[in-house]
Amino acid sequence: MKLRTWILFRLLLTIPTILILVTVVFAIMRILPGDPVVAVLGSTGASVQQIEAVRHQLGLDKPLYLQYVDYVGGLFRGDFGYSMVRGDPVARELADHLPQTIELTFWSMLLAIPLGIYSGIFAAKKAGGKIDASIRIGALVRWCIPVFWFGLVLQILVVQLRLPFPIAGRASPRFVRVAQVTGLYVVDAILAGDARALVDAFAHLALPVVTLGTFMAASLTKIARANIVDVLGEEYIKVASLKGCSDERVFQKHALPNALIPILTYTGLQVAMLLQGAILTETVFSWSGLGALLIEAVSYRDFNLIQGCVVLFALFVCITNLIVDISYAVVDPRVRL
Amino acid sequence: MLAFWVVCEEMKRSYLAIVGIILIAIFTISVGYYATKPAPRQPRQYPTVVLGATVGILTNLDPGQAYGSGDLSLNNVVFDPLYEVPPIFPAAKLAPRLAASDPIVSADSLHWTIALRQGVKFQDGTPFNATAVKFSFDRMKDLKSYSSWILDSVQSIDIVDLYTVRLNLKYPNAALKGALTMPVAAPVSPSAVNRMGLESFQALPVGTGPFKYVEWVKGDHLTLAPFEDYWNMSRVPKVNVVYKIFSDSAALKLALEKGDVDIAWNYIAFSDYASLETDPSIKHVVAAQGSQQLLHLNVGMPDSPLHDVRVRKAIAFSIDQKEISEKIYHGVYTPSEETFFLPGFYPKPSWTQYKPTNIAKAKELLNAAGYPNGIDVTLAFNPVAFGRETGDVAALIREQLGRADIRVTLRTAERAALNAGQFEMSVGLVTPDYLDADSVASFVTSHSWLARKVRLNDTLVDLLAQQAVGTTDPAQREKTYGDLQDRLANLVVFVPLVNVITYQFYRTNVIGVLPYYFQYTPWWTIDKKTS
């Protein structure tokens with residue numbers, strides 16, 4: 001199959017993937033007890049009639065299949081509906097919260113990839129020794145520590161040690177914000193030429209990025225080390241050495257490119273893990289990204305908002321994996337689709 | 001990104017390391033430099049007070065639609081309702097705010113004539129008058145939002161003259177004055193609504209209050225600035241307020257200790273009170289109580305023993321509110337003996353009939369109900385929404401009921417599931433929506449969702465609640481609400497546990513922090529010491 005055709009096929013495959021996901025989420029949310037009106041007004045003095053009136057207005061009294069058809073029909077028109085609790089269009093809520101998650105995951109990946117791979121390389125080169133064991137244990141420990149716990153501990157350390165890092169939020173509320181162009185505070189600060197805002201944005205990124213990035217780096221360390229050790233045991237590596245290549249050249253030219261290819265694939269899969277971690281990280285550090293939005297939406301049974309978040313997450317993961325698969329095919333000429 | 005990585009690998013690693021070290025050094029020095037310098041970027045003339053909060057999502061600031069506790073508290077200072085709640089409350093002393101005086105109520109209690117204050121302007125310069133009041137009420141009704149049920153008794157509004165309106169009611173409602181203290185009833189600027197459109201108005205609505213909205217970064221913070229032309233010169237604020245949202249009370253506490261926030265408005269976990277009280281840089285006020293922790297008993301679940309009132313009375317005799325107050329809340333939250341628990345709500349200690357705790361009596365009642373070997377029931381709670389200690393309370397209740405052979409299985413549940421009435425027992429929190437005893441009574445009448453959830457459908461309760469709200473005579477209301485509380489205590493459906501108060505912690509460089517009821521926050525008193 002030609003690459004172009006394969007890409008088109010994979011893009012088309014995204015549609016049924018998302019439809020299945022939306023259907024499953026739709027069904028699960030309707031099976032769970034409660035709905036958004038009950039979640040908001042159920043513990044107030046609102047009467048049953050008043051609550052039913054609001055449910056009617058939101059279309060929650062329609063038969064389930066009609067609600068499903070309405071929603072899926074809207075999806076195909078690009079209409080995600082309205083948040084049942086907030087009242088805003090879901091598309092706008094997603095757009096408002098997406099930059100936070102993108103900023104957090106981007107910088108976390110920027111930390112995780114070099115940290116994880118370098119650690120893995122270092123461990124592989126010292127395979128069997130104390131350094132290798134230390135790195136592997138360190139990675140395992142970090143991998144086992146829950147993301148939210150690690151974040152909380154970092155916050156406590158910052159306060160106790162009086163470190164000059166903010167413990168929550170994206171920007172200092174005491175400053176006037178720069179003009180929001182992209183919603184990505186680092187980019188917007190650069191566009192505005194505001195050094196203070198840029199530093200402030202990075203300062204607020206520090207703790208959440210360390211929390212999330214080290215978590216992903218831990219798994220990358222293990223995979224990188226394992227792959228490199230495997231590759232270093234291959235026959236062609238021995239041949240290269242016997243031909244007179246220096247150890248460094250053998251490593252750089254022959255071992256590393258081959259070892260990194262599977263890591264490429266693994267990194268794509270890790271995007272899903274990163275999003276999962278982002279949900280927890282956003283909660284701990286009060287980042288109002290998609291993850292925090294999703295938690296709140298589930299708590300209040302905001303069906304439309306939940307489904308919108310799920311669609312966006314699914315698109316994100318599908319596209320990322322598609323890019324990874326394409327890169328894999330491009331980087332490794334042996335792979336034919 | 002990985003392709004770039006592979007390219008970098010081709011470079012000499014030492015160069016990359018040097019570049020990396022230089023970048024990290026620049027970043028660290030910059031963070032240290034800017035973070036420790038005082039913030040010069042205050043374009044406004046007022047100091048800024050950062051108020052941290054964890055409760056409620058900020059959904060929609062439009063007072064005709066806002067219903068979260070955060071929305072209501074903010075709107076309380078951006079909008080003026082017709083009547084207001086002073087910090088020390090009983091209901092008899094609700095004071096006029098945009099109204100010029102108390103309402104004149106017709107003989108049949110169906111028409112309320114209210115004179116309006118003159119010389120008031122909206123924050124966009126539009127004059128406030130009867131037209132604005134009618135516009136706002138009609139608009140709120142048309143929006144049919146989560147909050148519109150509070151003024152359900154108002155059928156229509158007439159303009160009598162430029163500064164007088166008449167509210168025409170569907171039925172007599174003595175609680176209406178309490179409802180009129182809520183921001184949902186506050187007038188909005190008609191010209192701002194027409195000019196801005198609904199979406200923009202939801203983000204930065206315009207009222208007459210002492211603060212005005214300046215900026216809302218959704219999910220992060222919201223900025224309020226003083227409205228310098230506010231009609232009440234004694235309440236013109238002296239600070240900007242930044243309302244910053246935190247996902248978790250632990251993070252809010254840390255931010256307060258660090259100085260990232262000046263006031264932890266709501267909510268600091270009770271278990272953190274002790275450590276904050278010993279911090280010399282932090283003070284606190286006791287915000288007036290506004291909530292009551294309750295045990296809900298579902299009387300209509302199939303195959304549940306709770307349908308028998310003797311079983312429910314056995315539970316009442318087994319619960320030790322004093323033990324809950326002392327063991328979990330160290331006496332800060334006091335044991336609750338009344339259903340209508342707030343001063344001014346005509347509280348009557350109807351639950352003292354089950355005191356002191358009497359396990360023998362509880363077992364006797366279970367035996368009489370046909371359960372000589374005890375019963376098995378489920379107790380659900382939300383570990384986060386109503387306070388982190390709720391789980392401890394549930395565990396202690398399990399222990400207390402276990403003494404009477406009432407074997408309890410604990411379950412956690414989300415807010416929506418709890419409100420859907422799926423469990424035999426649940427621990428909940430009730431906070432009156434407006435400052436009138438009817439706000440509590442509305443929870444227990446058969447047409448309330450809360451009563452429907454626990455399958456409470458008692459004709460006498462409905463009748464007493466209706467009688468009490470239908471008269472404005474305080475003596476008559478007190479007697480009727482007393483009878484209602486006796487009835488509820490005999491039915492044993494909502495068992496009061498403790499009365500909840502909130503500590504508001506703030507840093508010592510902030511002054512003017514006052515106690516408050518519910519969302520009636522008087523932030524215009526706040527100031528910041530400059531030295």
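Note that the coordinates shown come from a computational prediction; the quantities given were computed from them, not determined experimentally.

Reading guide: rules and limits
- Residues numbered from 1 in each chain as written.
- Chains lettered and ligands numbered in written order.
- Predicted model: local features only at pLDDT ≥ 70, side-chain atom pairs only at ≥ 80, totals over all residues.
- Heavy atoms only, no water.
- Helix = DSSP H or I, 4+ residues; strand = E, 2+ residues; numbered from the N terminus.
- Buried < 20%, exposed > 50% of the residue type's maximum accessible area, 1.4 Å probe, protein only.
- Contact = heavy atoms within 4.5 Å.
- Areas by Shrake-Rupley, 256 points an atom, 1.4 Å probe, with all protein chains shown as cover.
- Lys, Arg positive; Asp, Glu negative; His and termini not counted.
- Charge placed at Lys NZ, Arg CZ, Asp CG, Glu CD.
- Pairing = 2+ DSSP bridges.
- Axes fitted to C-alpha atoms, helices over the stretch in contact; angles between N-to-C directions.
- Patch = residues over 30% accessible without salt bridge, like charges linked within 9 Å, V, L, I, M, F, W, Y side chains within 5 Å.
- Salt bridge = Lys/Arg side-chain N within 4 Å of Asp/Glu carboxyl O.
- Left-handed = near helix turned anticlockwise from the far one by under 90°.
- Nonpolar A, V, L, I, M, F, W, Y, C, P; charged D, E, K, R; others polar.
- Phe/Tyr/Trp six-rings, centres within 6.5 Å; stacked < 30°, edge-to-face > 60°.
- Buried area = accessible area lost by both parts, 1.4 Å probe.
- Polar contact = N/O pair within 3.5 Å; in protein donor to acceptor, adjacent residues only side chain to side chain.

For chain A, the helix and strand inventory stands at 13 helices and 0 strands. Taken from N to C terminus, the helices and strands of chain A fall in the order α-α-α-α-α-α-α-α-α-α-α-α-α. Expressed as a percentage of its 337 residues, the buried residues of chain A come to 53%. When contacts within chain A are restricted to residue pairs at least 6 apart in sequence, those whose partners lie at least 24 apart make up 76%. Of the roughly 15000 Å² of accessible surface on chain A, a fraction of 70% belongs to carbon and sulfur atoms. Side-chain charges of chain A comprise 28 positive and 23 negative groups, with the mean position of each set lying 8 Å from the other.

Residue and element names in this part refer to chain B. The strand order β4-β5-β7-β6 describes an open sheet built from 4 strands, whose pairing is antiparallel. Taken across any chain shown, the strands that pair with only one partner, and hence form the sheet edges, are β4 (104-105) and β6 (154-161). Pairing of β6 with strand β7 (residues 164-169) involves 6 bridges; the strand directions are antiparallel. Considered in β7, the bridge of S156 is made with N168. The strands touched by helix α4 (residues 130-143) within the sheet are β6 and β7, with β6 carrying the most contacts at an inclination of about 165°.

Further remarks concern a nonpolar patch on the surface. All names here are of chain A. Judged by side-chain polarity, L8, L12, I15 and F76 come together as a nonpolar surface patch covering roughly 430 Å² of accessible area. If one sorts the elements of the nonpolar patch by residue count, helix α1 (residues 3-31) sits on top with 3 residues. Tracing the backbone shows L12 in helix α1.

Take the packing of helix α5 (residues 90-125) of chain A against helix α6 (residues 130-144) of chain A next. All names here are of chain A. Closest axis-to-axis distance for the α5/α6 pair is 7 Å, and the angle between their directions is 145°. With respect to the hand of their crossing, α5 and α6 are arranged in left-handed fashion. Where α5 abuts α6, its residues S119, F122 and A123 lie against I131, D132 and I135. In the contact of α5 with α6, the residues fall into 4 nonpolar, 1 polar and 1 charged.

Let's shift gears to the pairing of strand β9 (residues 221-226) of chain B. Residues and elements named next belong to chain B. Within β9, 6 of the 6 residues are buried, leaving the element largely enclosed by the surrounding structure. Of the two faces of β9, the one holding H221, T223 and A225 and the one holding L222, L224 and P226 are both buried throughout. Relative to β9, strand β8 (residues 211-217) runs antiparallel, the two sharing 6 bridges. Bridging from a neighbouring strand, W216 pairs with L222 of β9. Where β8 folds back on β9, the antiparallel hairpin that results is connected by 3 residues, among which G219 adopts a positive phi of roughly 80°. Pairing of β9 with strand β10 (residues 240-245) involves 4 bridges; the strand directions are antiparallel. Looking at the pairing, H221 lines up with K244 of β10.

Turning next to the packing of aromatic side chains. Residues and elements named next belong to chain B. Counted by the stated rule, this structure contains 20 aromatic pairs over all chains. With 5.1 Å between their ring centres and 55° between their planes, F270 and Y333 make a pair best called tilted. One end of the pair, F270, is in the loop between β11 (263-266) and α8 (273-277); the other, Y333, is in the loop between α10 (321-327) and β13 (334-335), and 63 residues separate them in sequence. Accessibility assignment for this pair places F270 and Y333 in one class, buried.

Okay, the interface of chain A and chain B next. The interface of chain A with chain B comprises 82 residues on the first partner and 73 residues on the second. Summed over both sides, the interface between chain A and chain B buries roughly 6700 Å², with carbon and sulfur atoms accounting for 61% of that surface. Area buried by chain A at its contact with chain B is led by P173, R174 and R196 of chain A, which between them contribute 12% of it. Put simply, R92 of chain A and E199 of chain B hold a salt bridge, and the shortest N to O gap is 3.4 Å. At the junction of chain A and chain B, the tally comes to 6 residue pairs in polar contact (both at pLDDT 80 or more). Those elements giving two or more residues to the side of chain A that touches chain B turn out to be α2 (36-41), α3 (48-57), α5, α7 (147-160), α9 (195-232), α11 (247-284) and α12 (290-299) of chain A. Broken down by element, the side of chain A that touches chain B gets its largest block of residues, 12 residues, from α5 of chain A. Looking at the side of chain A that touches chain B residue by residue, the classes come out as 47 nonpolar, 18 polar and 17 charged.

Turning to the pattern of salt bridges, a few remarks are in order. Residues and elements named next belong to chain B. Following the criterion strictly, the structure yields 32 salt bridges over all chains and no others. Its salt-bridge partner being R97, residue D80 comes within 2.8 Å of it at the nearest N-O pair. A residue pair is termed long-range when its members are at least 10 positions apart, and D80 in the loop between α3 (69-78) and β2 (83-84) and R97 in the loop between β3 (95-96) and β4 qualify at 17 residues. Given a relative accessible area of 2%, R97 falls into the buried group. The shortest N-O distance in the salt bridge between K348 and D486 comes to 2.6 Å. In this pair, K348 is assigned in the loop between β13 and α11 (359-368) and D486 in helix α17 (residues 474-491), connecting sequence segments 138 residues apart. Judged by its relative accessible area of 32%, K348 falls in the partly exposed class. Overall, the relative accessible area of 25% leaves D486 in the partly exposed class.

Residue and element names in this part refer to chain A. Interhelical geometry of α7 versus α9 gives an angle of 145° and a closest axis separation of 9 Å. In this structure, α7 crosses over α9, and the sense of that crossing is right-handed. Between α7 and α9, the residues in contact are V147, F150, G151, L154, Q155 and V158 and L207, V210, T211, T214 and F215, respectively. For the contact of α7 with α9, the class distribution of residues is 7 nonpolar, 4 polar and no charged.

Put simply, K355 of chain B and P356 of chain B share a cis peptide bond, and its omega is -5°. Within the element layout of this structure, P356 of chain B appears in the loop between β13 and α11. The residue R301 of chain A is not glycine, and still its phi comes out positive at about 55°. Structurally, R301 of chain A is set in the loop between α12 and α13 (303-331). Within the chain, R455 of chain B stands out as a residue other than glycine whose phi angle is a positive 60°.

It is worth spelling out the environment of T431 of chain B at this point. All names here are of chain B. Assignment of secondary structure puts T431 in the loop between β16 (425-430) and α14 (437-444). Taking the C-alpha atoms as reference points, T431 and D220, 211 residues apart in sequence, are found 26 Å from one another. Side-chain polar atoms of T431 contact the side chain of S291, separated by 2.8 Å.

All names here are of chain B. Within strand β1 (residues 48-53), 6 of the 6 residues are buried, which leaves the element mostly enclosed by the surrounding structure. Neither face of β1 is exposed, since T48, V50 and G52 on one face and V49, L51 and A53 on the opposite face are all buried. For β1 and β10, the ladder comprises 6 bridges, and the chain directions are parallel. Bridge pairing in β10 links L51 to Y243. The pairing of β1 with β11 spans 3 bridges and is classified as parallel. Across the sheet, residue L51 finds its bridge partner in β11, namely I263.

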